[in-house]
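# Tertiary structure, described
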Amino acid sequence: MKPLFRNSFLLLLLLIGTTSLSAQQTATINRLLKVEPRQYFADRDSAYLDPYYGLKKLIYGNRRFAENKSIKPRQTDADLKNNELGQKPFATIIGCADSRVPNEIIFDQGVGDLFITRTAGQVMAEASYGTIEYATAVLNTRLIVVLGHESCGAVQAAMKLPENPPGHVVTLINAIKPASLYAKKVGGDDKETLDLAVRRNVIEQVNELRGLEPVLSRQFDRGEVLIVGAVYNLHTGAVEFIEETITSLPKFQEGLTADSEK
Ligand SMILES: [Zn+2]
């Protein structure tokens, strides 16, 4: 192929690759997790057994939601009856309390699928830690996703660095402060710094959980539990997983790729 044609061809491929996915994952994430273009479904039982596959299930579910193809799975009368026997959620979500980020809806999952803790700015404290540990140690849920979102009011409040926040709000502000200081230091316009603070806050919360003694840190180091971060886009409905929280997973650190579809 002549260089000019080859370049146009590559550009075309690039355009197709970037516009066909509503769920915005980077090429690296798609390659590592083997996320298939135009794929919308992943098996429920496999997602519970293999957290790498569970990640794909969330990505495909969010793709359905963002492309207006939600199927509202596992919420019939028969499904409710099945759930009386017990629960086996395939993912734990640590999300923001914001009413615009309903976790089951944006990931298009059903009853019994997601174990969720939501607080403003997804700030965690002792009770959240216990809740997450319960999910991993008792329910054997092997995937934990810290989910921040665009235009988060809690992060916005922390960006103002108020001197005397009212009541218990001070807990939230203090927890998000390092991320807001980081974003201010990097600089940019208001939207850019807020987006950066939202992202940074999620990354710090991911690291907080990865190092949490005595349960999660050990489970994470042994590769038994995956802890990753993502940000939800209010405009497009797409969840973007944060690349550095995926590439830093033990399996990918060893240079292996997720081979979860066997
Ligand atoms: Zn929020």
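Conventions used here
- Throughout, a residue's number is its position along its own chain's written sequence, starting from 1.
- Only residues with pLDDT of 70 or above have their local features reported here, since the model is predicted, and side-chain atom pairs are shown and tallied only from 80 upward, although totals for entire chains, interfaces and linings are computed over all residues.
- Elements are defined by DSSP. Helices are runs of H or I of four residues or more, strands are runs of E of two residues or more, and each kind is numbered from the N terminus.
- Between the buried cut of 20 or more and the exposed cut of 12 or fewer other C-beta atoms within 10 Å of a residue's own C-beta lies the partly exposed class, and all C-beta atoms are placed from the backbone.
- We call two residues in contact when their backbone-placed C-beta atoms lie within 7 Å.
- Between any two strands, at least two bridges found by DSSP are needed for them to pair.
- Given a helix with a known number of residues, its expected span is that number minus one, times 1.5 Å.
- As a rule, the C-alpha atoms of each element are fitted with a line to give its axis, helices using only the stretch in contact, and angles between N-to-C directions run from 0 to 180 degrees.
- Arc, as used here, means the arc of the directions from the helix axis to the C-beta atoms.
- A set of buried residues drawn from Ala, Val, Leu, Ile, Met, Phe, Trp, Tyr and Cys, joined through C-beta atoms within 7 Å, is what defines a nonpolar core.
- Scored from 0 to 100, pLDDT records how confident the predictor is in each individual residue.

Broken down by element type, the chain carries 13 helices and five strands. Scored against the burial criterion, the 262 residues of the chain give a buried share of 39%. Looking at the chain alone, contacts between residues at least 24 apart form 68% of all its contacts between residues at least 6 apart.

Side chains on a regular strand alternate between the two faces of the sheet. Taking burial as the measure, the seven residues of strand E3 (residues 143-149) include seven buried ones, the bulk of the element. Because side chains alternate across E3, one face comprises the buried residues Leu-143, Val-145, Leu-147 and His-149, and the other comprises Ile-144, Val-146 and Gly-148, equally buried. Where E3 lies against strand E4 (residues 226-232), seven bridges are found, and the strand directions are parallel. In the sheet register, Val-146 faces E4, and the bridge partner there is Gly-229.

Taking 1.5 Å per residue as the helical rise, helix H4 (residues 51-66) with its 16 residues ought to reach 22 Å, and the 22 Å between its terminal C-alpha atoms agrees with that figure. With 15 of 16 residues buried, H4 is to be regarded as a mostly interior element. Looking one or two residues beyond H4, the residue adopting positive phi is Asn-68, at roughly 60°.

Let's shift gears to the sheet that holds E4. Spatial ordering of the open sheet is given by E2-E1-E3-E4-E5, a layout of five strands whose pairing is mixed. Edge strands, defined here as strands with exactly one partner in the open sheet, are strand E2 (114-119) and strand E5 (239-241). Put simply, the sheet's adjacent strands are angled 25° from each other on average, direction ignored. As paired elements, strand E1 (residues 91-96) and E2 share six bridges and run parallel to each other. Looking at E2, one finds that Ala-91 is bridged to Leu-114. The strands touched by helix H10 (residues 190-210) are E1, E3 and E4; relative to E4, the strand with the most contacts, the crossing angle is about 165°.

Let us look at helix H7 (residues 126-137). Because an α-helix packs 3.6 residues into every turn, residues spaced three or four apart end up facing the same way. Its twelve residues place the ends of H7 16 Å apart at the C-alpha level, agreeing with the 16 Å of an ideal helix rising 1.5 Å per residue. All buried positions along H7 are accounted for by Ile-132, Ala-135 and Thr-136. The buried residues of H7 occupy an angular sector of 95° when the element is viewed end-on, so they sit on one face. Counted as exposed and oriented over 90 degrees from the buried face of H7: Glu-126, Ala-127 and Gly-130.

Within the largest apolar cluster, 66 residues are counted, with the highest numbers of intra-cluster contacts made by Ile-144, Val-145, Val-155, Ile-176 and Val-228. Looking at this core, the element that brings in the most residues is H4, giving eight residues. Not counting residues within four places of it along the chain, the set of residues in contact with Ile-176 comprises Gly-121, Val-123, Ala-154, Val-155, Ala-158 and Asn-201.

Attention shifts here to the confidence of the model for the chain. Put simply, the chain has an average pLDDT of 91, and 88% of its residues get 70 or more. Here residues 9-21 is modelled with pLDDT under 50, and outside its nearest four sequence neighbours on either side it reaches three contacts, counting other chains as well. When the criterion is pLDDT under 50, residues 257-262 qualifies, and its contacts beyond four places in sequence or with other chains add up to ten contacts.

Turning our attention to unusual backbone geometry. Here the residue pair Glu-213 and Pro-214 is connected by a cis peptide bond, since its omega of -5° sits within 30 degrees of zero. In this structure, Pro-214 sits in the loop between H10 and helix H11 (216-221). Non-glycine residue Arg-74 carries a positive phi angle of around 45°. The phi dihedral of Asn-140 is positive, around 60°, even though this residue is not glycine. Relative to the helices and strands, Asn-140 is located in the loop between H7 and E3. Assessed through the 14 C-beta atoms surrounding it within 10 Å, Asn-140 is described here as partly exposed.

This paragraph deals with the environment of Thr-28. Within the secondary structure layout, Thr-28 lies in helix H2 (residues 27-33). You can call Thr-28 partly exposed: it has 13 C-beta atoms within 10 Å. For Thr-28 and Glu-244, which are 216 residues apart along the polypeptide, the C-alpha to C-alpha distance reads 10.0 Å. Discounting residues that sit within four places of it in the chain, Thr-28 has contacts with Glu-243 and Thr-247.

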